[in-house]
Amino acid sequence: MSDIRKACVVGAGVMGVAIAAQIANSGTPVLLLDIPPKDPGAPRDQVARDAVARALKTEPAPFMSRDAAKLVTTGCIDDDLAQVAACDWIIEAIIERLDLKQALYRKLDAHRRPGCAVSSNTSTIPLAQLTAGLPEHFATDFLITHFFNPPRYMRLLEIVPGAHTDPRLLERISNFCDRRLGKSVVRAHDTPGFIANRIGTFWLQRGLLAAMDAGLTVEEADAAMGRTLGIPKTGIFGLLDLVGLDLMPHINASMQASLPERDPFRAVLREVPLLNRMIEQGLIGRKGKGGFYRVNRTGGKIKESIGLVTGEYEPSRRAELPAALARDPAALLASDHKLGRYAWTVMGATLSYAASLVPEIAGDIASVDAAMRLGFNWKFGPFELLDRIGPAVVAERLAREGETVPKLLTQVGDGRFYRTENGEVKQFGVDGGLHTVARAEGVLLLEDIKCNTAPLLKNGSAAAWDIGDGVVCFEITTKMNSFDEQVLTLLGKTIAMVKERFTALVLYTDAENFSAGANLGLALFAANIAAWGEIEKSISAGQQAFKALKYAPFPVVAAPAGLALGGGCEIALHADAIQAHAELYMGLVECGVGLVPGWGGNGEMLARWQTAPGLPRGPMPAASKLFETVSTATVSKSAAEARALLFLRETDGITMNRDRLLADAKARALSMVTDYTAPAVPELRLSGAGGRAAMQLAVAALHKQGMAKAHDLVVADGLAELLSGGDTDLIDPASEKSLLDLERRMFMRLIRTPATLARIEHMLETGKPLRN
């Protein structure tokens with residue numbers, strides 16, 4: 001493990017404070033320094049202090065909790081530089097000026113301990129220039145750590161060591177960034193733009209120019225540069241708006257100054273008058289008055305886009321690829337359709353450029369692919385995409401068009417860049433051989449398991465996998481990992497199988513989201529044909545499946561990441577333990593669609609709140625806290641927040657690195673196997689009629705203030721009746737079964753109301769809640 005006990009970030013700008021926040025999110029104290037304020041009467045740490053205050057108000061939030069912000073100590077470079085003597089790692093994140101950076105390094109070197117790592121977050125200045133003229137002992141402790149913005153959410157970290165960087169120091173920083181900061185660390189070479197920005201900005205610039213040359217609309221260009229190619233729907237122009245148009249001239253100028261003379265990037269570094277004019281007018285994207293897209297609020301909300309030829313805004317017109325091209329990247333690039341020609345002009349050049357840069361920018365193709373997936377959110381890296389199209393197909397077309405074919409494309413020939421042999425993923429090397437794609441120690445991916453074995457059980461909605469050492473992984477495979485009848489059926493079969501042949505069960509998926517809950521589309525369809533019996537049967541089936549999971553004679557660990565909503569939250573609540581990814585958005589959100597949680601989540605949460613430290617005893621405080629959380633469909637914004645909301649217990653674990661989640665969950669399950677006993681069936685004390693009345697009064701007050709709508713009163717009444725126990729007497733304990741029966745009854749009462757059905761339909765159509 002790493003021995004970074006305290007860190008320092010110098011430079012409290014947008015990136016600096018966000019890097020400090022992520023270090024604090026890991027539980028590591030961090031010192032944040034910046035220049036003194038211009039006002040001589042202000043506190044000397046005002047610049048850094050204000051940066052932290054802004055970060056606490058920023059969305060998306062750099063901090064995972066307000067407690068994390070308490071780990072940041074602010075200071076002033078002029079007064080507090082001596083405090084770096086207590087730090088194990090110093091990150092420089094000041095303005096991109098070589099003279100200022102080197103002056104700072106000399107000051108830091110006078111105060112830091114020997115062996116304390118110093119790194120720069122530069123994205124434009126080569127490491128060799130940063131350390132030129134500095135003492136050799138400083139170069140030994142120096143490296144580049146290039147974070148991507150925003151650092152909390154972007155998993156990519158490019159680490160660039162120098163020729164003199166101490167390998168042990170490099171490993172120490174890499175390990176800390178991997179395990180504690182949750183980064184996917186990619187080793188890059190000391191070249192202009194490193195990996196992701198070198199390829200990504202070439203792609204953006206090529207895409208911008210090619211769209212203008214072809215006379216396309218921005219919508220057409222983004223449709224071509226979208227999901228068919230594994231690229232987010234923002235495409236070229238939506239992404240430029242997102243990152244800021246004003247950033248492009250700075251990146252291009254840096255590239256112009258540092259690229260080799262014959263680099264293909266230079267061919268796309270031409271002036272774009274439209275871009276310059278937009279920047280002058282403040283049309284720099286989402287952080288300005290609009291960009292290539294904007295919302296015109298004059299006379300209503302009208303989405304507009306700028307004409308690449310006219311330079312004038314016009315109402316946006318939706319553009320789509322022909323169906324025959326939308327499903328296949330190879331077909332799109334081979335097509336003579338105008339969007340196919342554009343796609344080839346951009347991606348053909350980009351894939352060729354990427355292939356020409358190995359091994360200049362990185363030691364292997366897997367590093368390049370990882371950098372583009374994580375840094376630009378591509379589904380496929382360049383070489384993975386080449387495999388889907390056919391490397392030989394691309395090489396032949398480049399040659400036919402008189403373009404230079406990169407050596408690596410020629411070497412791979414009719415083969416593929418990735419192959420699976422004996423259950424191992426191999427990558428094509430610059431030496432022409434195949435090499436294992438290495439995983440870091442402690443990383444276990446379900447995709448690797450799938451290369452080695454067939455599923456133990458499988459249907460159209462879920463699968464069960466043997467992940468070794470007697471542990472089974474249950475995976476949902478539906479869209480958004482939503483629950484349907486087949487998921488519940490296979491879960492039941494998995495529980496029976498583990499009971500007979502294995503020792504523990506992990507609930508996990510490699511997908512972005514753990515589960516968005518029940519399939520609302522199926523529920524709405526059943527309601528529209530008045531199949532009330534089928535709906536009640538599905539609620540009962542979910543309750544039975546989750547209780548079977550809870551009382552199984554073996555340990556169950558849930559490993560949620562991303563969204564864990566509704567039923568996705570409830571299944572996790574029934575596990576013996578949760579090992580959560582730090583980015584966990586968890587909640588019982590059913591009230592947002594006019595329903596109540598129906599698969600046992602209410603009882604599990606009531607039991608947690610009734611034993612919560614610091615909460616007054618008795619049934620009313622627990623019911624009130626849960627009512628507040630569930631009635632407002634509160635969702636945690638991190639695993640730390642999920643713990644504060646009691647979706648996670650103090651004993652549950654949090655994993656920072658997504659790639660380590662399955663291994664950590666498996667280890668947790670194995671640690672519970674010896675002498676395991678299933679939990680006892682709880683008895684709950686519910687608040688009865690008095691508690692129900694108090695909860696109803698609270699919602700009525702919100703309704704009077706205009707903060708709750710008419711149907712909110714109906715839903716809240718059902719939730720209040722459920723959490724208070726209906727006709728339960730305050731002095732009588734309530735059984736788990738009676739609460740499940742009441743849960744089912746309230747669910748069925750609400751789903752029959754037209755207002756609830758309207759909410760469900762609106763959510764399915766728009767993805768947003770309806771307030772009615």
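Use the structure listed above.
Residues numbered from 1 in each chain as written. Predicted model: local features only at pLDDT ≥ 70, side-chain atom pairs only at ≥ 80, totals over all residues. Heavy atoms only, no water.

**Re the pairing of strand 12 (residues 418-421)**
- One ladder, built from four bridges, connects strand 12 with strand 13 (residues 424-428); its direction is antiparallel. Within strand 13, the position partnered with R419 by the bridge is K426.
- A loop of two residues connects strand 12 with strand 13, the two strands running antiparallel in sequence, and N422 in this loop sits at a positive phi of about 50°. (Pairing = 2+ DSSP bridges. Helix = DSSP H or I, 4+ residues; strand = E, 2+ residues; numbered from the N terminus.)

**Comments concerning unusual backbone geometry**
- Of note, the amide linkage connecting N149 to P150 takes the cis form, showing an omega dihedral of 0°.
- If you trace the backbone, P150 turns up in the loop between strand 6 (142-147) and strand 7 (156-161).
- The omega torsion of the bond from V358 to P359 falls at 15°, within 30 degrees of zero and hence cis.
- Looking at the element boundaries, P359 is found in the loop between helix 16 (338-356) and helix 17 (365-376).
- Non-glycine residue D469 carries a positive phi angle of around 60°.
- Here D469 lies in the loop between strand 16 (462-466) and strand 17 (471-476).

**Considerations on empty space enclosed by the protein**
- Tallying each qualifying case throughout the model produces two cavities of 30 Å³ or more.
- The volume enclosed by the largest cavity comes to roughly 60 Å³.
- Around the largest cavity, the lining residues are F474, E475, I476, F483, L507, Y508, T509, F514 and I571.
- Of the residues in the lining of the largest cavity, the class split is seven nonpolar, one polar and one charged.
- In this structure, the second largest cavity occupies an estimated 30 Å³ of space.
- Lining the second largest cavity we find K547, G600, G603, E604, E736, L739 and L740.
- Secondary-structure elements contributing two or more residues to the lining of the second largest cavity are helix 26 (601-610) and helix 32 (736-751).
- It is helix 32 that provides the largest number of residues to the lining of the second largest cavity, a total of three residues.
- Among the residues forming the lining of the second largest cavity, the class breakdown is two nonpolar, two polar and three charged. (1 Å grid on protein atoms, 1.4 Å probe; cavity = no way out; pocket = protein on both sides within 12 Å on 5 of 7 lines; lining within 4 Å. Points joined across faces, edges and corners; volume = space filled by probe spheres on them. Nonpolar A, V, L, I, M, F, W, Y, C, P; charged D, E, K, R; others polar.)

**Details of the environment of L770**
- Mapped onto the elements of the fold, L770 is located in the segment after helix 33 (754-766).
- Overall, L770 belongs to the partly exposed group, its relative accessible area being 22%.
- A C-alpha to C-alpha distance of 8.3 Å links L770 and I760, two positions ten residues apart in sequence.
- Leaving out residues up to four positions away in the same chain, L770 has contacts with A758, R759 and H762. (Buried < 20%, exposed > 50% of the residue type's maximum accessible area, 1.4 Å probe, protein only. Contact = heavy atoms within 4.5 Å.)

**Notes on the pattern of salt bridges**
- Per the counting criterion, the structure on display carries 48 salt bridges.
- The salt bridge involving R155 is made with D659; its shortest N-O contact spans 3.0 Å. Separated by 504 residues along the polypeptide, R155 in the loop between strand 6 and strand 7 and D659 in the loop between strand 23 (653-655) and helix 29 (661-671) bring together distant segments of the chain.
- Judged by its relative accessible area of 23%, D659 falls in the partly exposed class.
- One salt bridge connects E736 with K550, and the closest N-O pair in it is separated by 3.1 Å. Of this pair, E736 sits in helix 32 while K550 sits in helix 24 (residues 532-550), placing them 186 residues apart in sequence. Here the two residues E736 and K550 agree in accessibility, since each one is buried. (Salt bridge = Lys/Arg side-chain N within 4 Å of Asp/Glu carboxyl O.)

**Topic: the packing of helix 27 (residues 619-631) against helix 30 (residues 688-704)**
- Contact geometry of helix 27 with helix 30 gives a least axis separation of 10 Å together with a crossing angle of 35°. When you trace helix 27 past helix 30, the crossing you get is right-handed. Together, M620, A623 and F627 of helix 27 and G691, A694, M695 and V699 of helix 30 make up the contact between the two elements.
- Partitioned by chemical class, the residues of the contact of helix 27 with helix 30 number six nonpolar, one polar and no charged. (Axes fitted to C-alpha atoms, helices over the stretch in contact; angles between N-to-C directions. Left-handed = near helix turned anticlockwise from the far one by under 90°.)

**Quick notes on the nonpolar core**
- Of all hydrophobic cores here, the largest spans 110 residues; its most connected members are W203, F237 and F292.
- Looking at this core element by element, the count peaks at eleven residues for helix 16.
- Residue contacts for F237: discarding those within four places in its chain leaves G207, L208, A211, V218, A221, D222, F292, Y293 and L308.
- Residues I476, I495, I571 and L615 belong to the second largest nonpolar core, which totals 83 residues. (Core = buried A, V, L, I, M, F, W, Y, C linked by side-chain atoms within 4.5 Å.)

**Brief notes about the sheet that holds strand 12**
- Spatially, the three strands line up as an open sheet ordered 12-13-14, and their pairing is antiparallel. The sheet terminates laterally at strand 12 and strand 14 (434-436), the two strands that pair on one side only. Shown here is a sheet whose adjacent strand axes are inclined to one another by a mean of 40°, direction ignored.

**Re helix 17**
- If you check helix 17, its first and last C-alpha atoms are 16 Å apart, about what twelve residues at 1.5 Å a residue would give, namely 16 Å.
- Most of helix 17 sits inside the fold, with eleven of its twelve residues counted as buried.
- N-cap assignment for helix 17: the residue whose side-chain oxygen lies 3.3 Å from the backbone N of A366 is D364. (Expected span 1.5 Å × (residues − 1). Polar contact = N/O pair within 3.5 Å; in protein donor to acceptor, adjacent residues only side chain to side chain.)

**Let's talk about the environment of F647**
- Following the sequence through the fold, F647 ends up in the loop between helix 28 (639-644) and strand 23.
- Exposure remark for F647: the relative accessible area of 0% places this residue in the buried category.
- Each C-alpha atom of the pair F647 and A572 lies 8.7 Å from the other, and the pair is 75 residues apart in sequence.

**Observations regarding the packing of helix 26 against helix 27**
- The geometry of helix 26 relative to helix 27 is characterised by a closest axis approach of 9 Å and an angle of 125° between their N-to-C directions. The orientation of helix 26 relative to helix 27 falls into the category oblique. Here the hand of the crossing between helix 26 and helix 27 comes out right-handed. On helix 27, the residues that touch N602, M605, L606, W609 and Q610 of helix 26 are P619, A622, A623, K625 and L626.
- Taken together, the residues of the contact of helix 26 with helix 27 sort by class into seven nonpolar, two polar and one charged. (Parallel < 35°, antiparallel > 145°, perpendicular 65-115°, else oblique.)

**Quick word on the layout of surface pockets**
- Roughly 1,500 Å³ of volume is contained in the second largest pocket.
- Taken together, 45 residues form the lining of the second largest pocket, with G517, A518, N519, L520 and G521 sitting closest to its centre.
- Where the lining of the second largest pocket is concerned, the elements lending two or more residues are helix 22 (485-501), helix 23 (520-528), helix 24, helix 25 (567-573), helix 32 and helix 33.

**Regarding the pairing of strand 5 (residues 117-120)**
- Both faces of strand 5 are covered, namely the face carrying A117 and S119 and the face carrying V118 and S120.
- Direction of pairing for strand 4 (residues 89-92) relative to strand 5: parallel, over a ladder of four bridges. Each residue of the ladder has a partner; that of W89, found in strand 5, is A117.
- Each parallel crossover has a hand, and for strand 4 linked through helix 5 (residues 98-111) to strand 5 it is right-handed.
- Where strand 5 lies against strand 6, three bridges are found, and the strand directions are parallel. When the bridges of strand 6 are listed, S119 appears paired with L143. (Right-handed = clockwise from strand over helix to strand, strands pointing away.)

**Quick word on the side chain of T28**
- Checked against the element boundaries, T28 lands in the loop between helix 1 (14-25) and strand 2 (30-34).
- The exposure class of T28 is buried, given its relative accessible area of 2%.
- Only 2.9 Å separates the side chain of T28 from the side chain of R180, close enough to count as a polar contact.
- Setting aside anything within four residues of it in sequence, one finds T28 in contact with I4, R5, K6, A7, I23, L71, F176 and R180.

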